[in-house]
Amino acid sequence: MTDHIARRTVLAGAGAGLAASLVTEASAQSAKPEIQANEYWTQKGPTKLYLYRKRAAAKAGETQPVLFLVHGSSNSSRSSYDLTVPGKGEYSMMNVMAGYGFDVWTMDHDGYGRSGSSGNNSDIASGVADLKAALPVVLKETGQPKVHMYGTSSGAIRAGAYAQAAPEHINRLILSAFTYKGTGSPEIARRAAAAERYRNNPRRLRDAAMIKSIFTRDGLPSAYDMAVADAIAADELKFGDQIPTGTYLDMAVNLPLVDPKKVAAPVLMVRGSHDGNSTNEDLLDFYAQLANGDRQFVILPHTAHSLGYGNNRHLLWYAVRNFLNAPAAVGA
C-alpha cells in the first residue's frame, strides 16, 4: 500500500512547507523538551495521503513508544491534534504527548486536509484502508512493531475497526467520544434523519457556522472557549468548505461498525459527561463485551463531545497518559 514515501521537516505550529527546524515549547509550569516535527507521505492506490509526526529528541538508548492519533469526521489531523489558539494555552495533544515521551503521529484521511481525494465518501472502511497504508511508514520510521492508537469520535470508530482488522500492530487502544450502536443518541438521530442526503452526495458543507455548532449542539457550550472554534475555522477553511460524508452516513445507518469481542487490545474508553453522540448505556454495552480484561471506562466532568477542545482537556491527557503508562499485568 505504500508505493511512495516522501518526508520533510517543518517548523511546528508555524504552518506547512517551512524549512527544517526545532520548536521549543514553553510550559507555564516547567520547561518542555524541544519538539521536532516531520511530514511524510504515503499512497493508498493512486491517492496521496499526508502524515505528520511530533517527538522530543530521544536520549541515547531511549525507545519512545509510538502513539498514533486518528481524527474525526469534520476536521483534519493538525487542527484536531496540533491546534494553536493564540493566548489560550496549550491545545496541541501532540505537543503534550511528545512532552510525555511519546513519538506521536497522525494523518489526514482520504479527502481531508493536505491529503488527496480518491473521490469516495471517506467512510469507515476507507479510513481503515488509509491506516493500513500509513502504518508501514510509521513502523519503518520508528522501528517499532506496534503502536498505541487513539481515535476521537468517528476517528475512534476508525481506530477500533483498524484494531479489529490488524491486531498485530496495536499495543493499547483509546476510544475517545466513541459511538457503538448510537441507541438513545440525539446526534445520531439527527444524522439518521439526513441519511439520504449523505447517501446521495459524497461531500457535505463544513463552514465556520458548522464548526461552531460542534461546540453548541450538546447543550453545554460553556465546556469550551469559543476562540477554539475560530482557530479551527482559520486552519480548516483554507482546505475548502466541504468534507466527505462517509462517516456521517455510517454513523446514521450502519452502526455498529466495531465488534468488541474482536478487539484484542487493552482498551480505554473516554467520554464527556454531556456527549450527545452516545449514552453511558450504549458505551457500557460495548465495554462489557471487550475481549481483554485490561480495560478502563472514564467519564470526564463538565465536558461534551469534543474532549480535546474542551476546558477540561487536561483531564483527557491525564487519563490517556496513565493508561498508556500502565505497568504490565502479572498473569494468573
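Residues numbered from 1 in each chain as written. Predicted model: local features only at pLDDT ≥ 70, side-chain atom pairs only at ≥ 80, totals over all residues. Heavy atoms only, no water.

Let us now look at the packing of aromatic side chains. Applying the stated criterion across every chain, the model contains 10 aromatic pairs. Arranged with centres 4.7 Å apart and planes meeting at 35 degrees, the rings of Tyr40 and Trp105 form a pair that is tilted. In this pair, Tyr40 sits in strand β3 (residues 34-44) while Trp105 sits in strand β8 (residues 103-107), placing the two residues 65 residues apart along the sequence. The burial state of Tyr40 is the same as that of Trp105; both residues are buried. Seen in terms of ring centroids, Phe215 and Tyr224 are 4.7 Å apart; in terms of plane orientation they differ by 80 degrees. Their pairing is edge-to-face. Per residue, the accessibility class of Phe215 equals that of Tyr224, and both read buried. One aromatic cluster is present, formed by Trp41, Tyr50 and Tyr52 through successive ring pairs. Directly above the aromatic system of Phe323 lies the positively charged group of Arg172, at a separation of 4.2 Å from the ring centroid. Residue placement shows Arg313 over the ring face of Tyr91; its charged tip is 3.5 Å from the ring centre. (Phe/Tyr/Trp six-rings, centres within 6.5 Å; stacked < 30°, edge-to-face > 60°. Helix = DSSP H or I, 4+ residues; strand = E, 2+ residues; numbered from the N terminus. Buried < 20%, exposed > 50% of the residue type's maximum accessible area, 1.4 Å probe, protein only. Lys NZ or Arg CZ within 6 Å of the ring centre and 35° of its normal.)

Our focus in this paragraph is the pairing of β3. The buried count for β3 comes to 9 of 11 residues, which makes it a mostly enclosed element. The sheet contact formed by β3 and strand β4 (residues 47-56) spans 10 bridges and is antiparallel. Across the sheet, residue Ile35 finds its bridge partner in β4, namely Ala56. Taken together, β3 and the strand that follows it, β4, pair antiparallel across an intervening segment of 2 residues, in which Gly45 is found at a positive phi of about 60 degrees. (Pairing = 2+ DSSP bridges.)

Closest axis-to-axis distance for the helix α5 (residues 186-193)/helix α9 (residues 246-253) pair is 8 Å, and the angle between their directions is 105 degrees. Comparing their axes, α9 and α5 come out roughly perpendicular. Contact with α5, carried on its side by Glu187, Ile188, Arg191 and Ala192, involves Tyr248, Met251 and Ala252 of α9 and no other residues of that element. Of the residues contributing to the contact of α5 with α9, the split by class is 5 nonpolar, no polar and 2 charged. (Axes fitted to C-alpha atoms, helices over the stretch in contact; angles between N-to-C directions. Parallel < 35°, antiparallel > 145°, perpendicular 65-115°, else oblique. Contact = heavy atoms within 4.5 Å. Nonpolar A, V, L, I, M, F, W, Y, C, P; charged D, E, K, R; others polar.)

The next point concerns helix α3 (residues 124-142). Look at α3: 26 Å from first C-alpha to last across 19 residues, which is about the 27 Å you get at 1.5 Å a residue. Of all bends in α3, the biggest is about 30 degrees, found at Ala134, and the proline Pro136 comes one to four residues later. Gly143 lies just past α3 and shows a positive phi near 75 degrees. (Expected span 1.5 Å × (residues − 1). Bend = angle between axes of the 7 residues up to and from the residue.)

The next subject is the packing of α3 against helix α4 (residues 154-165). Taken N-terminus to C-terminus, the directions of α3 and α4 make an angle of 65 degrees; their axes are 9 Å apart at the nearest point. Judged by the sense of rotation from one axis to the other, the crossing of α3 with α4 is right-handed. When α3 is examined against α4, the residues Ile124, Gly127, Val128, Leu131, Lys132 and Leu135 are found in contact with a partner set consisting of Ser154, Ile157, Arg158, Ala161, Tyr162 and Ala165. Residue composition of the contact of α3 with α4, by class: 8 nonpolar, 2 polar and 2 charged. (Left-handed = near helix turned anticlockwise from the far one by under 90°.)

Quick look at the pairing of strand β13 (residues 267-272) now. Counting buried positions along β13 gives 6 out of 6 residues, so the element sits mostly inside the fold. Going residue by residue along β13, you find Val267, Met269 and Arg271 tucked away on one face and Leu268, Val270 and Gly272 tucked away on the opposite face as well. In this sheet, β13 lies alongside strand β10 (residues 170-176) in parallel orientation, the contact comprising 4 bridges. Note on β13: the bridge partner recorded for Ser176 is Val270. Two strands pair when backbone bridges link them, and β13 and strand β14 (residues 295-300) are joined in this way by 6 bridges, in the parallel orientation. Bridge pairing in β14 links Arg271 to Ile299.

Let us now look at unusual backbone geometry. Among all residues except glycine, the phi angle is most often negative; among peptide bonds, the trans geometry is most common. Residues Leu255 and Pro256 are joined by a peptide bond in cis, for which omega reads 0 degrees. Checked against the element boundaries, Pro256 lands in the loop between α9 and β13. In this structure, Ala177 takes a positive phi of about 55 degrees despite not being glycine. Here Ala177 shows up in the loop between β10 and α5. Of the residues examined, Ala177 reaches a relative accessible area of 0% and is grouped as buried. A positive phi angle is found at His302, which is not glycine, with a value near 55 degrees. Counting through the fold element by element, His302 comes out in the loop between β14 and α11 (313-324).

That's the geometry; what it means functionally is another story.
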